Amino acid sequence: MTPFFEGIPPVSFEGPDSTNPLAYRHYNPDEIVLGKPMKDHLRFSVAYWHSFAWEGGDPFGAHTFERPWHPQDSMERAKIKADAAFDMFDILGQPYFCWHDADIRPEGDSFADSLSNLEEIIDYFGEKMATRDVKLLWGTANMFSHRRWMGGAATNPDPEVFAYSAATVKACMDATMKLGGQNYVLWGGREGYETLLNTDMSRELDHMGRFLNMVVDYKHKIGFEGTILVEPKPQEPSKHQYDYDAATCFGFLQKYGLEKEVKLNLEQGHAILAGHSFEHELATASALGVLGSIDMNRNDYQSGWDTDQFPNNVPEVALAYYHILKAGGLGKGGTNFDAKLRRQSLDPVDLIASHVGGMDVCARGLTAAAAMVEDGGLKNALTERYSGWDTKGAQQMLDSDFDTIFASVLSGEIAPQPRSGRQERLENYVNRFV
Ligand code: XUL
Ligand code: CO
């Protein structure tokens, strides 16, 4: 153990009555929920960027955190950071973590330098992972922070940036595969635009489609078995982002022939920014067959921007997991905390407490969702509401045409009788479980 987390013992499950602030009160990894261990439903992951790379800056002030690995400009400090990160993984016992290339290695003077830094740190991670249970949920490339990406990566008007982006993603996919990553994520932070006055949208979309096809081709070429995921977000940092929400992403995937190859990593806070509920995004992705993984971090509901806070609302989380369970679970995906501390939360123990709290909220949400699944109340309400469609006549209508339907309506056989949607009764029902 490095000095950073010294004195903090591994967190364990102590049950709901525990008053120990660093114990799991609900996350009991081996507890069986709907036939499988809780940990295999939730598949928790720590986000390296917020927990270890973010220095606590905001638009009005620079860093508030002074970690032993700051400033993050040398391989030596990248390794000190990795040591602390893996200490935290040992303390939390969560099964996965995620990174961007820029979180884990210092930027070099050239592409080749940055690549050699990445390869060195990946080997360092590999050694640490060999003696532990923690695995890589996904890797990704940060193609939004450095000034070269200011006008986009795959959608940049400059073909040299497209090339740099392709080489960067290739390197990050290689690194992800080397560590046995379960997925590879692309979040297009700058894949969008500020003004149409300087933007050729249709050309940019075609370039993004071509780029994603190259990602998929490369995945097959190297035999990467993980899932390729794109992460929708409507705005911030770009004013208009091409990956606005789940439905927009699906339309894009379909246009470029990728809907069977690429799934979505949905983030709770991004759903809210798009004016949706998280369960809307989950249900949309599930209906379209592209639900991949989730980032379970919320925004502040008053500030209206992406604050990336740890989840703390059990009823919201319960409905999210209800839709995930209904969709058959997360598969190779997981629950990534793309969440950061508030910038006044300076202490190493704040990092532990935030994850413990987030994991407990999700565990409570999952068990509430599982209880609703087992009880079957919501499912029965749906079955009843749609029962008219179980009749032979209704099914035949779907195979008929407008003239046939018109004739039966005109003959008076059809006389719709409005029925209650029972929303309040169903809301009351959900309240019994959360
Ligand atoms: C940004 C965001 C990213 C992605 C990975 O809002 O969510 O951290 O999850 O690039
Ligand atoms: Co995210």
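Calculation notes
- Residues numbered from 1 in each chain as written.
- Chains lettered and ligands numbered in written order.
- Predicted model: local features only at pLDDT ≥ 70, side-chain atom pairs only at ≥ 80, totals over all residues.
- Heavy atoms only, no water.
- Helix = DSSP H or I, 4+ residues; strand = E, 2+ residues; numbered from the N terminus.
- Rg over C-alpha atoms; globule rule 2.2 N^0.38 Å.
- Buried < 20%, exposed > 50% of the residue type's maximum accessible area, 1.4 Å probe, protein only.
- Contact = heavy atoms within 4.5 Å.
- Areas by Shrake-Rupley, 256 points an atom, 1.4 Å probe, with all protein chains shown as cover.
- Lys, Arg positive; Asp, Glu negative; His and termini not counted.
- Charge placed at Lys NZ, Arg CZ, Asp CG, Glu CD.
- Arc of directions from axis to C-beta.
- Donors = N, O, S within 2.8 Å, 3.2 Å for Na, K, Ca; no water.
- Tetrahedral: all angles 85-135°; square planar, octahedral: opposite > 155°, others 65-115°.
- Near = heavy atom within 4 Å.
- Polar contact = N/O pair within 3.5 Å; in protein donor to acceptor, adjacent residues only side chain to side chain.
- Nonpolar A, V, L, I, M, F, W, Y, C, P; charged D, E, K, R; others polar.
- Domains from an automatic or database assignment.

Caption draft 1: The arrangement of the overall build of the protein in detail. The number of helices and strands found in the protein is 16 helices and 12 strands. The C-alpha atoms of the protein give a radius of gyration of 24 Å, which matches the 22 Å a tight globule of 434 residues would have. If one aligns the C-alpha atoms of the protein with their principal axes, the spans along those axes are about 80 × 60 × 45 Å. Considering the protein as a whole, with its 434 residues, one finds that 49% of them fall into the buried category. A sequence separation of at least 24 residues applies to 75% of the contacts in the protein between residues at least 6 apart. Of the accessible surface of the protein, which amounts to about 20800 Å², a share of 53% is contributed by carbon and sulfur atoms. Across the protein, 40 positive and 62 negative side-chain charges occur, with their mean positions spaced 3 Å apart.

Caption draft 2: How the structure looks around helix α13 (residues 377-385). Turning to α13, its buried residues are Gly377, Leu378 and Ala381. Across the axial projection of α13, the buried residues extend over an arc of 100°, all falling on one side. The outward face of α13, more than 90 degrees from its buried face, is lined by the exposed residues Lys379 and Asn380.

Caption draft 3: Structural view of the coordination of the cobalt ion (ligand 2). The protein atoms that coordinate the cobalt ion (ligand 2) are Glu231 (OE), Glu267 (OE), Asp295 (OD) and Asp338 (OD), at distances spanning 1.9 to 2.1 Å. Seen from the cobalt ion (ligand 2), its 6 donor atoms lie at angles of 80 to 174°, and the figure they make is octahedral. On the basis of relative accessibility, which here comes to 0%, the residue Asp295 falls in the buried class. Using a relative accessible area of 7% as the deciding quantity, one classes Asp338 as buried.

Caption draft 4: Structural context of the site of ligand 1. By nearness alone, every residue bordering ligand 1 is listed as Trp49, His100, Trp138, Trp187, Glu231, Lys233, Glu267, His270, Asp295, Asp306 and Asp338. A distance of 2.9 Å separates an oxygen atom of ligand 1 from a polar atom in the side chain of His270. Here ligand 1 loses 95% of its free accessible area of 290 Å² to cover by the protein chains. Of the residues assigned to the shell around ligand 1, the class counts are 3 nonpolar, 2 polar and 6 charged.

Caption draft 5: Quick look at the domain arrangement of the protein. Each domain of the protein was delimited in the assignment, giving domain 1 (3-375) and domain 2 (387-431). A separation of 42 Å is found between the C-alpha centroids of domain 1 and domain 2.

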